[in-house]
Structures are given as C-alpha cells and as structure tokens.
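Take a look at the letters that make up each chain.
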Amino acid sequence: MSTTGRDLALRLRRLLALAIATTLALFLSYRGVHDDAVPLNDATAPGILAVDTARGALDGAHRVVESGGGGDISGEFHTRISVAQQSLALAASENVTGVEGRHDLQTVTGLIAVYSVWLDRMGREPAGSPLRAAYLHYADQVLGPGADGDIMSRLADLRAGQVAEARRQAAFPWQSWAGWGAVAALWVSWCAALLETQCFLRRRFREPVRFPLSAAAALGAIGVPALAVRTATAHAAMADALSRVRDPVAAQRVPDVADEVAGILENAWFWASLSDWIVLGGAVVVVLTVWGLWPRIAEYRFRVPR
C-alpha cells in the first residue's frame, strides 16, 4: 500500500510546527529590541536632556547672582529658575526611573524653592549687611555640588539612573543573542524542510512546485532576513543615540542633541509596530502551506485500499 499520503501528512505537520515556532521566536526576539527603541526615543533620552537643561539653568542662575556681587536676583535669575523647574517637570512626566526618580525630582523641586528663598532674603538686605554673605553661603550649600543631598548632587544621581536605564534599553543581552540564535536555527530548519518537501512533490507527482508553497517560501525567505537586518540597524541606532546622551550635555547643546537623537531613532514606533505583522505573516505562511499540501493529502486520505 502506498505511503504517499502518510509521508505528505508528516511533512505538513513538520512544516507547520517549524513555521509556528519560527514565528513565535521571531516575534519575541524582534519585540525584545524594538520595544525598547520607542521609550528610549520618546521618554528616556528626553528625560536625560531635561535634567541637563535644569542643571544648566541652575548653574546659569547662580552665575547671575555671583556676577551681580551677590545682590542681583533680577528677572534673568527668576527666568532661569523657571526654566529649571519646567525642565524638572518634563523629566518627571517622562518617568524614566519610576517612583524613586519621581521622589528625587520632588525633593529637588523643594530644594530649589529653598534656594530661591535664601537668595530672596539676601536681596532684601541692605548693602554691606553681613547677612547677605550668610544667605548667599546658605544658598550655595543648598545648590552644591559639595555634599550628598544638595541640588546638583541629587540631579547628578538622577541622571546616572536615567543613563543606566538608557544603557539597559540600548543593550543586546544574552537573552537577545539566544533568541535570535533560535530564530536562525528554526528558520534554516524550516527552509530545509520546505525545500525537501518541494523536491518530494516533484519526484512523486512530476509536476512543478505548487504556487502556495512557492509563495510561502518567498515570504519566509525574504521576511525573516529583512526583519533581522532591520533589528541590527535599530540596535546600532540605539547605541548611537545612547552615545549622544551618555555624558552630560551643555545647556546650549541640548536642542541640537535632542534633534540628533530624534533623527537617529526616527520612526522607531513604526518599526516596533511591525511585530504585529510578524504574527500575520506567520499565519499566512501556515495557510499557504496547508493550501499547497492538503489537496494532495486529500487524494490519499479517503482512498480505499484494494
């Protein structure tokens, strides 16, 4: 009795299992990289640059006071303080380091208020009053950097935490290597199984390769490598973006660096959204495989042996 039907069914099950496993591994591995590109672009990098802006504004505000001989707390000073507060509010909204980061930002905002109060008191003292120097000294102590707990030290620690999160997002850990290794192994196995099945059909039925199987082969052979290349490109872009914000950025350079990061990670959300299409592509490959093999299997499924 012919075993063709059983052989075809075995090949169909093998192709379906490999297609589903490859799709699942590709989906998880692809998302493992691209799902970090979006927050790096939309939240982490802007949060880091917001802290740099706040640090620059506070440093500039203090230089205004010092250039005025410890007595000038005019409009420019208050403008810079306002910029710092707005930048910290932006950093808080990005929520890069979670609850701990929000708590640090609330503490820093309170310290900025204390810093401003000391300088306001200094400004109300008459020229030559010894309290002016005392109030300026207290303001210096609050601003820092000098000791743990002052404004600048806390902002430096907060930035370090944000950069650590950016490093995590831009990294390619062993889990990612393992995931993409599994994708490569499963994809090669699927390609080999599909090629063997096509050769079997040609030997057994003496006909050209069926269109559904050719379409499934084209989709898998092109789609998986294309997504792998896109992932490698995205990882390189994330590493490049990290290099732009890893070290403190001068306040005047923040807008330029923000534009550079946005350009490097342009359309990160679009590439991340392609993960949904991976599942759809896998489903299409499964349908095409069944479509290509089932008619031949059906010829033997209900055949009555003589």
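Whatever comes next refers back to the structure up there.
It should be emphasised that the depicted structure is a prediction, and the values quoted were computed from it without experimental measurement. (Residues numbered from 1 in each chain as written. Predicted model: local features only at pLDDT ≥ 70, side-chain atom pairs only at ≥ 80, totals over all residues. Heavy atoms only, no water.)

A. Broad picture of the overall build of the protein. In terms of regular secondary structure, the protein is built from nine helices and zero strands. Moving toward the C terminus, one meets the helices and strands of the protein in the order α-α-α-α-α-α-α-α-α. Taking 306 residues into account, the globule formula puts the C-alpha radius of gyration at 19 Å, and the protein, at 31 Å, lies well above it. Overall size of the protein, expressed as C-alpha extent along the three principal axes, is 120 × 30 × 25 Å. Across the 306 residues of the protein, 42% fall into the buried class. (Helix = DSSP H or I, 4+ residues; strand = E, 2+ residues; numbered from the N terminus. Rg over C-alpha atoms; globule rule 2.2 N^0.38 Å. Buried < 20%, exposed > 50% of the residue type's maximum accessible area, 1.4 Å probe, protein only.)

B. Main features of the side chain of His34. Of note, His34 is situated in helix H1 (residues 4–67). Taking relative accessible area as the criterion, His34 reaches 1% and is therefore assigned buried. Aside from chain neighbours lying at most four places away, what touches His34 is Arg230, Thr231, Ala234, Trp271 and Ala272. (Contact = heavy atoms within 4.5 Å.)

C. Quick look at the packing of H1 against helix H4 (residues 130–143). Across the interface, H1 lies against H4 with an axial gap of 12 Å and an inter-helix angle of 165 degrees. By the angle between their axes, H1 is roughly antiparallel relative to H4. For the element pair H1 and H4, the recorded crossing hand is left-handed. Between H1 and H4, the contacting residues are Leu58, His62 and Val65 on the first element and Leu136, Asp140 and Leu143 on the second. Of the residues in the contact of H1 with H4, the class split is four nonpolar, one polar and one charged. (Axes fitted to C-alpha atoms, helices over the stretch in contact; angles between N-to-C directions. Parallel < 35°, antiparallel > 145°, perpendicular 65-115°, else oblique. Left-handed = near helix turned anticlockwise from the far one by under 90°. Nonpolar A, V, L, I, M, F, W, Y, C, P; charged D, E, K, R; others polar.)

D. Focus on the pattern of salt bridges. Using the criterion set out here, one finds twelve salt bridges in the structure. Among the ionic pairs, Asp256 bridges to Arg253, the shortest N-O distance being 3.8 Å. Owing to a relative accessible area of 41%, Asp256 belongs among the partly exposed residues under this scheme. For Glu260, the salt bridge goes to Arg253, with nearest N and O atoms at 3.8 Å. Taking relative accessible area as the criterion, Glu260 reaches 27% and is therefore assigned partly exposed. Under the relative-accessibility criterion, Arg253 is labelled partly exposed at 36%. Taken together, the shared-partner salt bridges connect Asp240, Arg244, Arg253, Asp256 and Glu260 into one network. (Salt bridge = Lys/Arg side-chain N within 4 Å of Asp/Glu carboxyl O.)

E. Quick look at the nonpolar core. Leu26, Trp180, Met238, Val261 and Leu265 are the most contacted members of the largest nonpolar core, which totals 31 residues. At the level of secondary structure, the elements contributing two or more residues to this core comprise H1, helix H5 (151–170), helix H6 (174–205), helix H7 (211–245), helix H8 (254–264) and helix H9 (268–301). The element that contributes the greatest number of residues to this core is H1, accounting for ten residues. Setting aside residues up to four positions removed in sequence, Met238 forms contacts with Val33, Asp36, Ala37, Leu40, Gln169, Ala170 and Leu265. Among the nonpolar cores identified, the runner-up in size contains 29 residues, and Ala54, Leu88, Tyr115 and Leu155 belong to it. (Core = buried A, V, L, I, M, F, W, Y, C linked by side-chain atoms within 4.5 Å.)

F. Structural context of empty space enclosed by the protein. Taken as a whole and assessed by the stated rule, the structure comprises one cavity of 30 Å³ or more. Here the largest cavity defines a volume of roughly 50 Å³. Around the largest cavity sit Ala91, Ala92, Asn95, Val96, Thr97, Gly98, Gly101, Arg102, Leu105, Leu158 and Gln162, which together line it. For the lining of the largest cavity, the secondary structure elements donating two or more residues are helix H2 (75–94), helix H3 (98–124) and H5. (1 Å grid on protein atoms, 1.4 Å probe; cavity = no way out; pocket = protein on both sides within 12 Å on 5 of 7 lines; lining within 4 Å. Points joined across faces, edges and corners; volume = space filled by probe spheres on them.)

G. Inspection of H3 at higher detail. In a regular helix each residue adds 1.5 Å, so 27 residues correspond to 39 Å; H3 covers 40 Å between its end C-alpha atoms and thus fits that length. Those residues of H3 that are buried lie in contact with H1, H2, H4 and H5. (Expected span 1.5 Å × (residues − 1).)

H. Molecular detail of the packing of H6 against H7. At a closest axis distance of 11 Å, the pairing of H6 and H7 adopts a crossing angle of 165 degrees. The orientation of H6 relative to H7 falls into the category roughly antiparallel. Crossing geometry of H6 relative to H7 is assigned as left-handed. Side by side, H6 and H7 meet where Trp180, Val183, Trp187, Trp190, Leu194, Gln198 and Leu201 of the first sit next to Leu213, Ser214, Ala216, Ala217, Gly220, Ala221, Val224, Pro225, Leu227, Ala228 and Thr231 of the second. Here the residues of the contact of H6 with H7 are counted per class, giving 14 nonpolar, four polar and no charged.

I. Local environment of the packing of aromatic side chains. Taken as a whole and assessed by the stated rule, the structure comprises seven aromatic pairs. On the basis of an interplanar angle of 50 degrees and a centroid distance of 4.8 Å, the ring pair of Trp118 and Tyr138 is categorised as tilted. Here Trp118, found in helix H3, pairs with Tyr138, found in helix H4; they are 20 residues apart in sequence, far enough to count as distant. Aromatic ring contacts, followed pair by pair, group Trp118, Tyr135 and Tyr138 into a single cluster. (Phe/Tyr/Trp six-rings, centres within 6.5 Å; stacked < 30°, edge-to-face > 60°.)

J. A look at the side chain of Thr231. Looking at the secondary structure, you find Thr231 in helix H7. At 2.8 Å, the side chain of Thr231 and the backbone oxygen of Leu227 are in polar contact. (Polar contact = N/O pair within 3.5 Å; in protein donor to acceptor, adjacent residues only side chain to side chain.)

The quantities given are spatial measurements derived from coordinates; they are silent on function.
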